[in-house]
Protein chains: 2
Amino acid sequence: MTDTVGALGEAAVLARILPHFRGGSAVTLGPGDDCAVVEFSGASVVTADTMIEGHDFRLDWTQPEELGWKLAMTNLSDVVAMGAVPVALTIALACPDDTEVSLLEGIAQGMQNALDLVAPGCAVAGGDLAHASELVCAVTALGDLRGEAPVKRSGARVGDQVAYAGELGLSTLGLAALFAHGPEAREFAPREVRAQLAPVTPIASGLQAGAFHATAMMDVSDGLSLDAARLGRASGVTIDLDGAALTRHFGVQDGVVVSLRALLHSGEDHGFLATFPKEQPVPPGFCPIGTVRERGEALLVNGEPVQPAGWDPFQNR
Amino acid sequence: MTDTVGALGEAAVLARILPHFRGGSAVTLGPGDDCAVVEFSGASVVTADTMIEGHDFRLDWTQPEELGWKLAMTNLSDVVAMGAVPVALTIALACPDDTEVSLLEGIAQGMQNALDLVAPGCAVAGGDLAHASELVCAVTALGDLRGEAPVKRSGARVGDQVAYAGELGLSTLGLAALFAHGPEAREFAPREVRAQLAPVTPIASGLQAGAFHATAMMDVSDGLSLDAARLGRASGVTIDLDGAALTRHFGVQDGVVVSLRALLHSGEDHGFLATFPKEQPVPPGFCPIGTVRERGEALLVNGEPVQPAGWDPFQNR
């Protein structure tokens, strides 16, 4: 006998989901009222992201806890990429009547597990439960800038170092393995599948970027080359990536060989691309991978123009 | 020749949508980076809501501008119901490839139209665009408490006046007309259909509740009786609604007759139910409709127990 959301109704489903969430110090009123209350010190950041069954995930490939984990991690990355400290998430879930409540509980627990690991001061403040034909997960993340200026995409200066923290290319290799072999891909490509289904983003490194005087930063979610070109365009400069440095630092990750092409043109990496003043130390976890040049081509690799490529939700399927 | 999101791709679609949004004074960095930046004075509120094609709206009944309008209005109501001033919305849209960009533009313009009317200091700060089989609209709203304590559901005290601001029952009558007659319902039930598709929520009244020492407040979205019972339970009291007062104030709205049953047990009203100290004036737009009693039955009407009823997304279809 299993419980479905249709059989239980909204109130009973919420009573099952909410105990999976722990509070956080900045969330002074949690779920149950019209809004949650979050304490901010002043300027803060907000980002929204949606993951939809069949388009962004498949329930025959992913465990509910992994899905919740990924939802939290990818949104936390966007907050940290602005130089902010994550303080609260909201989660709006929509699902069919016959959805098992245990699936939603797993998503909730996975979100909390991710917060416990990388953002223990951040809490799920509230959300929404609605009806849909496919499972829809819409997450919003809030972060506090703690009196610091946001680290935008537009601050890179000619001569700055380019650095990256996180994994590169593994997630897309994991997705390819899942498409080719289904859930059995976990057996022979466990590391790549984990990067795709339950990524660990370098939150601790990203949180230090401000203290190391990062001039620009962004979350790399659509592919390093595409996002580097975006950062360059926003800053009015050109990013020149060092292929040898990329291969040296990221050509073998946890025993997995990743080609330069895969390093450049994958997606869902969720690491941090940042620029720092030249000849200064970069934060732990960041690896130097290039230099900021004067505005010219969209992107350079080893000084040569390369066409940026990566993920577009409407043109990559 | 029409443009679809699949043909244009993400960047071009965003370039069409974003010009429909005006900025707001609290949003110091708008769409285009990993996050938007919002200035808060301290404690703030956040709420999330999702509307999904075929479940929460039908594109053959509603105009895109109406859909955007309703998305904004219903989320603004939740913010104001906490005693907060709306400062920012986020909108995550997901849709099929063959969705016309003009549809998404209409949603954006409708959101901005609603903000212009009732919350001109509030801005759409950012969002997300993703792929789905049906149109998904996930909105988050942020409000600033401006140093005041939040007005929670739990503060009603025995002897307080119960008051309501907004429309009651019209929206559900409009939905019934649409189910019975489709888009032609606009012709013979225009007022009810407007309440359903493009509600005007009493934001100005709600914003004054704090200054009138409201002890509790909530947005009535699932039916007056159901939500009054919730407010009573949260406060450890029982709400006693005055049927004669309800009929006097709301029995005829804009020429539309609404039965007491419809006043009590409808949904999607998005007005404000609040409690105020007895024998004190209530804010403009609020009508006294009852009294707070000691905890007993879930809900009273004219001193007699009434079974609360209203809207549950998983048990009302």
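Please read all numbers here as calculations on a predicted model, not as lab measurements.

*Asks:* Which residues make up the pattern of salt bridges, and what are the values?
*Replies:* For the coordinates displayed, the defined rule picks out 28 salt bridges over all chains. The partner of Asp33 of chain B in a salt bridge is Arg153 of chain A, with the nearest N and O atoms 3.4 Å apart. In this pair, Asp33 of chain B sits in the loop between β1 (27-29) and β2 (36-39) while Arg153 of chain A sits in the loop between β6 (136-144) and β7 (161-165), so the two residues belong to two different chains. Looking at Asp33 of chain B, the relative accessible area reads 15%, which means it is buried. Overall, the relative accessible area of 14% leaves Arg153 of chain A in the buried class. Here Arg230 of chain A makes a salt bridge to Asp222 of chain A, at a shortest N to O gap of 2.7 Å. On the basis of relative accessible area, Asp222 of chain A is assigned to the buried category, the value being 13%. When salt bridges with common partners are traced through the structure, they connect Asp3, Arg16 and Glu105 of chain A into a single cluster.

*Asks:* Give a description of the relation of the copies chain A and chain B that names residues and reports values.
*Replies:* If you rotate chain A by 180° and push it 0.0 Å along the axis, it lands on chain B with an RMSD of 0.0 Å. Such a combination of rotation and displacement between the chain copies is what one expects of a two-fold axis. Mapped onto chain B, 100% of the interface residues of chain A again fall at the interface, so both copies present the same surface.

*Asks:* Requested: an account of the sheet that holds strand β12 (residues 271-276) of chain A, with residues and values cited.
*Replies:* All names here are of chain A. Strand order in the open sheet formed by seven strands is β8-β12-β7-β13-β9-β14-β15, with mixed pairing between adjacent strands. Two strands close off the open sheet at either side, each with one partner strand: β8 (216-220) and β15 (304-305). For β7 and strand β13 (residues 287-294), the ladder comprises four bridges, and the chain directions are antiparallel. Across the sheet, Gln161 pairs through a bridge with Thr291, a residue of β13. Here helix α10 (residues 243-250) sits on the sheet and contacts β7, β9 (237-241), β13 and β14 (300-301); the angle it forms with β13, its principal contact strand, is near 160°.

*Asks:* Talk me through the side chain of Asp33 of chain A; I want residue IDs and the actual numbers.
*Replies:* For Asp33 of chain A, the side chain forms a polar contact with the main-chain nitrogen of Arg153 of chain B, separated by 2.8 Å. For Asp33 of chain A, the contacting residues outside a window of four places in its chain are Met82, Lys152, Arg153 and Met217 of chain B.

*Asks:* Mind laying out the interface of chain A and chain B, listing which residues take part and the relevant values?
*Replies:* Tallying the contact residues gives 64 residues for chain A and 64 residues for chain B. Taken together, the two surfaces of chain A and chain B that pack against each other cover about 4900 Å², and 56% of this comes from carbon and sulfur. Linking chain A to chain B there are 23 residue pairs in polar contact (both at pLDDT 80 or more). Top element by residues in the side of chain A that touches chain B is strand β3 (residues 43-52) of chain A. It accounts for nine residues. Here four bridges tie strand β2 (residues 36-39) of chain A to strand β3 (residues 43-52) of chain B, and the two strands are oriented antiparallel to one another. Residue pairing in the sheet places Val38 of chain A in a bridge with Ser44 of chain B of β3 of chain B.

*Asks:* If you had to explain the confidence of the model for chain A to someone new, which residues and values would you point to?
*Replies:* Confidence in the prediction of chain A, expressed as mean pLDDT, is 95, and 98% of residues score 70 or more. Here the predicted complex carries an ipTM of 0.93, next to a pTM of 0.94.

*Asks:* Can you lay out the side chain of Ser266 of chain A for me, pointing to particular residues and giving the numbers?
*Replies:* Residue and element names in this part refer to chain A. With respect to the element layout, Ser266 can be found in the loop between α11 (260-264) and β12. Taking the relative accessible area as the measure of exposure, Ser266 reaches 6% and is therefore buried. Engagement of the side chain of Ser266 in a polar contact is seen with the backbone oxygen of Ala262, the distance being 2.5 Å. When neighbours within four sequence positions are excluded, Ser266 is seen to be in contact with Gly169, Thr172, Asp222, Gly223, Gly310 and Trp311.

*Asks:* Which residues make up the pairing of β12 of chain A, and what values do they have?
*Replies:* Looking along a regular strand, one sees the side chains alternate between the two faces of the sheet. Residue and element names in this part refer to chain A. Most of β12 sits inside the fold, with six of its six residues counted as buried. Neither face of β12 is exposed, since Gly271, Leu273 and Thr275 on one face and Phe272, Ala274 and Phe276 on the opposite face are all buried. Where β7 and β12 come together, five bridges link them in antiparallel fashion. Looking at β12, one finds that Ala163 is bridged to Ala274. Note that β8 and β12 share five bridges and pair antiparallel. Pairing of Ala216 across the sheet is with Thr275, part of β12.

Definitions and limits used
- Residues numbered from 1 in each chain as written.
- Chains lettered and ligands numbered in written order.
- Predicted model: local features only at pLDDT ≥ 70, side-chain atom pairs only at ≥ 80, totals over all residues.
- Heavy atoms only, no water.
- Salt bridge = Lys/Arg side-chain N within 4 Å of Asp/Glu carboxyl O.
- Helix = DSSP H or I, 4+ residues; strand = E, 2+ residues; numbered from the N terminus.
- Buried < 20%, exposed > 50% of the residue type's maximum accessible area, 1.4 Å probe, protein only.
- Least-squares fit on C-alpha atoms with pLDDT ≥ 70 in both.
- Contact = heavy atoms within 4.5 Å.
- Pairing = 2+ DSSP bridges.
- Axes fitted to C-alpha atoms, helices over the stretch in contact; angles between N-to-C directions.
- Polar contact = N/O pair within 3.5 Å; in protein donor to acceptor, adjacent residues only side chain to side chain.
- Buried area = accessible area lost by both parts, 1.4 Å probe.
- pLDDT = per-residue confidence, 0-100.

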